[in-house]
Amino acid sequence: MTLAEKIGQLTLVNVGPGVLPGDLRAAVRAGKAGAVLDVVDVATVNELQRIAAHDSRLGIPLLVGRDVIHGFKTVLPIPLGQAAAWNPELVQQGARMAALEAAASGVNWTFAPMIDIARDPRWGRIAESFGEDPHLAAVLGVAAIRGFQGDGLSLPGAIAACAKHFVGYGASEGGRDYGYVGIPEVDLRNVYMPPFRAAADAGVATFMAAFSDVNGVPASGNRFLTRTVLRDEWRFPGFVVSDWDSIVDMVPAPVANDKARSPLSPGMEMVSTTYRDHLPGLLAAKRVDPRLLDDAVRNVLRVKMQLGLFERPVTDPAVYPGVASAANLALARELATQSLVLLQNRNGVLPLASKRLHSLAVIGPLADDAYEQLGTWAPDGDPALSRTPLQAIRETVGARVTVQHVRAMSTTRTMTTAGFSEAVAAASGSDAAVVFLGEESILSGESRSRASIDLPGNQMDLLRAVKRAGKPVIVVILAGRPLTIEPILADADAVLYAWHPGVMAGPAIADILFGVESPSGKLPVTFPRVVGQVPLYYAHRNMGKPASQASFLHIDDIAARTPQTGLKNASQYLDAGYAPLYEFGYGLSYTSYAYSGISVEPSRARAGLPITVRAVVKNVGQVAGDEVAQLYVRDLVGSVTRPVRELKGFQRIHLAGRKPGGFVSIVD
Ligand code: BGC
C-alpha cells in the first residue's frame, strides 16, 4: 500500500444526508477514503462500494458508519429507558432488529453502544447511556454488541459495533458536555472502565475515543488509555476511531508532554483531516513510528475482512426483512412497556381499571406529539410510524369513555398560560386527568446540558392548575434524563416515568395506565431531590461521618443562634438532606413480591471461587407482573475503600397472578 492508501484507510469522511460531494467519488477511487458516515441511501452506498471494490487500485470496500443508537426506522426507547427495563435479552433483540434495518441501507458499522457511566443528569448524553452503574451498563452493553454483531460479523445483517466513548466522558465537570474529566485511576478502573472491558471481552469490533481531556491528556491522544490499557492489558485487536473532530479538538488543549500523548492513538480519524494533512510530514521527519501506522491500517483491514466486505461489498436490500414490520413494532412496544417506571401511586389511583371511569382528560404538550416521543437519536426514524399516548388511550377505552384532549402548551418550554383554562375545564369535566409533561427530545442528547433539571417552561403551573380541578391526576413524564420532580409529587396522585419511549410510546403507556400490564421498570439512575445534590449515586463510599435520620436537622428547623457544636456533623446538606428522591433500582408495581429462603453458598467467600445466591420470589399480590431481582454486595474490608453497595447480578422474572389484569377485561 502507498502511504496515501494507508492514510486513506484511516480516513472517515462525513457525507451527510443528501450530500455526496463529487470529489468523494474521486477520493474513494484513489483509495483516499476508507470509511464514510451518515449515508443511508442504499443506492448511494452501493455506488460508493462499487467504486471502492472495483475501481480503486486495491479494491478495499468501505466501512459505512451510522449512529444506530436506539433503533433505526423502528425507534426504540432511548438507551436510558432501555436500561430501566433491566432486560438484556430485549436489549439484544432490539439491537439485532436495528442492525437488520440499518444493514438493509448498506450500513455496516454503528457508533453504539454508548457505555459511558453517567452519574450527572445535567449532562444531556445521560439519555444515551445505560445509567450510573458499571455492572448494569456492562451487561446491557454486551447485550447490545451481541445484537449488533449477531452470531458472527461475517454473517449478513451483522454490523460492527463500537464501544464508546473511551473513557470517562460521562464524568464531564459540572455535567457540561466536552468538559474536563478528572477521575482517579481507582475509579477509572472500578467504575468507568468495566463496561469497556466487558465490551472488549465480548468481541466488540471497534472503540471510539472520548472527546474528553482525561486527567490532563485528551482521550484522543492518551497513551495510557489506548495503548497501556486497551492494547497491552486488554489485548483489544480491533480499531479505535476518534470522535468527530476530536483530534483537532486537541489543539485548544495542547499537551506539553509528548510522552503522554500518543500519535495515532485512535487508529481512524473521524471527519477532520489531520492524518491526511500532517502524517506524511511527521513520518518523513521521523516523529511518528511507521509501525504505528501499519498497525492502525491492519486493525481497520481486519475488521473489514471480518465483516465479509471483500466478499459482499454491495448490499441487496431484498435479502433483509422489512423495516418497521409488525414484529419490529411489537418488539419496540415490549421494550417500551418494560422501560416505564412507576414512581408514585397514591391510593392505588393506577391502574385506571374501573367500571366507574366514564371520562378522561388527556392534557399536556407531550400527550400527542409523534416526534418528541422518539428521543434524542432518531435520525432515521419516522414520526409517521409513532403511536402517541392520546391515540392509544382512545383505542384502549373505545367509545365507553369520553376522552378530552387539551395540549395546553405548545412546547414543554412555553411560558404563557394561554391553554390552561381549557385544560382545567377538561379536568373538571372528567373523572380523572392524565397529564403528559417532561422535556422535548432536543433538550437532551449531545451538547444539551442543563444547569437546572426542573420541568421546563410553565409545566409546574399547568399541573397545579389541573390539580385544582379536584380530580385524580396522573402525571406521565417523557424526558431524556432524571428531572428534579419533587415539586410535582404533592399534586400528582401517580407518576409514571416514561423517558423517551420511541415509536410505540402510546400503546406501552396505555397498557400501564389501564392495567393491561403491571409496571416493571426500575430506575437505572438515582433521582436527586435538587440539582445541587448532583453527582448523587447509590454506590457511594461510606464517609467517616455518615448521615442518618438522627443526624439530620433541616435548615428550617435550626433554632436561631444554635452554637456550631449544637448540630451533629454528618455528610449531608442542610437544605436537601442526604437521601435522593428515588434510589437506583426503584420502581413500583401493581402487585407485590415476597422474598424468602435466601441462601448463600458457600457461606464464607473464598478468593477466586464463585458464590451462588438463591432466593424464592413469590407474587403475593393479585395481578401478574415482572419482578427484577437485584443482588448487591458490599466488600467490608479491602486495601482501598469500596462502595456501600454494588450491583453484581439481576434477573427479570415473570410471575403469574390470580386475577386477569386490564381495563378491557374488567370492563368487559
Ligand atoms: C458523537 C458520537 C457520534 C459521532 C458521529 C459525535 O459528535 O460524540 O457519539 O457517534 O458524533 O455522529
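The structure this text deals with has already been given above.
Residues numbered from 1 in each chain as written. Predicted model: local features only at pLDDT ≥ 70, side-chain atom pairs only at ≥ 80, totals over all residues. Heavy atoms only, no water.

Novice: I'm lost on the overall build of the chain in this one. Help?
Specialist: Each helix and strand counted, the chain has 17 helices and 20 strands in total. Computed over its C-alpha atoms, the radius of gyration of the chain comes to 26 Å, within 12% of the 26 Å expected for a compact globule of 668 residues. Referenced to the eigenvectors of the C-alpha coordinate spread, the extents of the chain come out at roughly 75 × 65 × 55 Å. Taking all 668 residues of the chain together, the buried fraction comes to 57%. Counting contacts in the chain only where the partners sit at least 6 residues apart, residues at least 24 apart contribute 78% of the total. Entry remark: accessible area of the chain is about 26,800 Å², with carbon and sulfur atoms responsible for 53%. (Helix = DSSP H or I, 4+ residues; strand = E, 2+ residues; numbered from the N terminus. Rg over C-alpha atoms; globule rule 2.2 N^0.38 Å. Buried < 20%, exposed > 50% of the residue type's maximum accessible area, 1.4 Å probe, protein only. Contact = heavy atoms within 4.5 Å. Areas by Shrake-Rupley, 256 points an atom, 1.4 Å probe, with all protein chains shown as cover.)

Novice: Looking at this model, I keep getting lost on the sheet that holds strand E6 (residues 206-209). Mind explaining?
Specialist: Neighbouring strands of a sheet are bound in pairs by backbone hydrogen bonds; such pairs are parallel or else antiparallel. The strand order across the open sheet formed by three strands is E5-E6-E9, and the pairing between neighbours is parallel. Strands with a single pairing partner mark the edges of an open sheet, and in this sheet they are strand E5 (162-166) and strand E9 (239-241). On average, each strand axis in the sheet is inclined to that of its neighbour by 30°, with strand direction left out of account. Where E6 meets E9, three bridges bridge the pair, whose relative direction is parallel. Within E9, the position partnered with Met-208 by the bridge is Val-241. Here helix H9 (residues 223-233) sits on the sheet in contact with E5, E6 and E9, set at roughly 155° to E9. (Pairing = 2+ DSSP bridges. Axes fitted to C-alpha atoms, helices over the stretch in contact; angles between N-to-C directions.)

Novice: Looking at this structure, I do not really get the pattern of salt bridges. What am I missing?
Specialist: Side chains that carry opposite charge are capable of pairing whenever their charged atoms lie near each other. As enumerated under the stated definition, the model contains 32 salt bridges in all. When the shortest N-O distance is used, the salt bridge between Arg-176 and Glu-173 registers 4.0 Å. We classify Glu-173 as partly exposed; its relative accessible area is 41%. Of the charged contacts, one joins Asp-626 and Arg-652 as a salt bridge, the two residues approaching to 2.8 Å between their closest N and O atoms. Linking Asp-626 in strand E19 (residues 625-633) with Arg-652 in strand E20 (residues 646-655), this pair joins segments that are 26 residues apart in sequence. Per residue, the accessibility class of Asp-626 equals that of Arg-652, and both read buried. (Salt bridge = Lys/Arg side-chain N within 4 Å of Asp/Glu carboxyl O.)

Novice: Before we go on, may I ask you to explain helix H10 (residues 274-284) in this structure?
Specialist: The complete set of buried residues in H10 reads Tyr-275, Leu-279 and Leu-283. The arc that holds the buried residues of H10, viewed along the axis, is 30°, so those residues lie on one side. Contact partners of the buried residues in H10: helix H1 (3-9), strand E10 (269-270) and helix H11 (290-306). Just downstream of H10, Lys-286 is the residue with a positive phi angle, here 60°. (Arc of directions from axis to C-beta.)

Novice: Would you take a moment to explain the nonpolar core for this structure?
Specialist: Across soluble globular proteins, nonpolar side chains have a tendency to be buried as a group. Counting 107 residues, the largest nonpolar core has Phe-207 and Ile-485 as the members making the most contacts within it. Shared between two domains, this core holds at least three residues of each, these being domain 1 (330-513) and domain 2 (593-667). Residues contacting Ile-485, with those up to four places away along its chain left out, are Leu-343, Ile-477, Val-495, Tyr-497, Phe-527, Leu-581 and Tyr-582. Listed in part, the 35 residues of the second largest apolar core include Leu-340, Leu-357, Phe-436 and Leu-496. (Core = buried A, V, L, I, M, F, W, Y, C linked by side-chain atoms within 4.5 Å. Domains from an automatic or database assignment.)

Novice: I keep staring at the sheet that holds strand E13 (residues 402-406) and nothing clicks. Help me out?
Specialist: The six strands lie next to each other as E11-E16-E15-E14-E12-E13, forming an open sheet whose pairing is mixed. Sheet topology places strand E11 (341-345) and E13 at the edges, where each strand pairs with a single neighbour. Between one strand and the next, the sheet's axes are offset by a mean angle of 15°, whatever the strand orientation. As paired strands, strand E12 (residues 359-363) and strand E14 (residues 432-438) are joined by four bridges and run parallel to one another. Within E14, the residue paired with Ile-363 across the bridge is Val-435.

Novice: Just checking my understanding: could you explain the pairing of E13 for this structure?
Specialist: Here E12 pairs with E13 via five bridges, running parallel. In the sheet register, Ser-359 faces E13, and the bridge partner there is Thr-402. For the crossover from E12 across helix H13 (residues 389-397) to E13, the handedness is right-handed. (Right-handed = clockwise from strand over helix to strand, strands pointing away.)

Novice: How should the site of the ligand be read in this particular structure?
Specialist: Looking at the ligand, there are 13 residues lining it, with Asp-67, Arg-125, Lys-164, His-165 and Asp-243 nearest. Residue Arg-125 places a side-chain N or O atom 2.7 Å away from an oxygen atom belonging to the ligand. Contact between the ligand and Glu-446: an oxygen atom at 2.8 Å from a side-chain N or O atom of the residue. For the ligand, the protein covers 95% of the area, taking 310 Å² as the surface of the free molecule. Tallied by class, residues from the shell around the ligand come to seven nonpolar, one polar and five charged. (Near = heavy atom within 4 Å. Polar contact = N/O pair within 3.5 Å; in protein donor to acceptor, adjacent residues only side chain to side chain. Nonpolar A, V, L, I, M, F, W, Y, C, P; charged D, E, K, R; others polar.)

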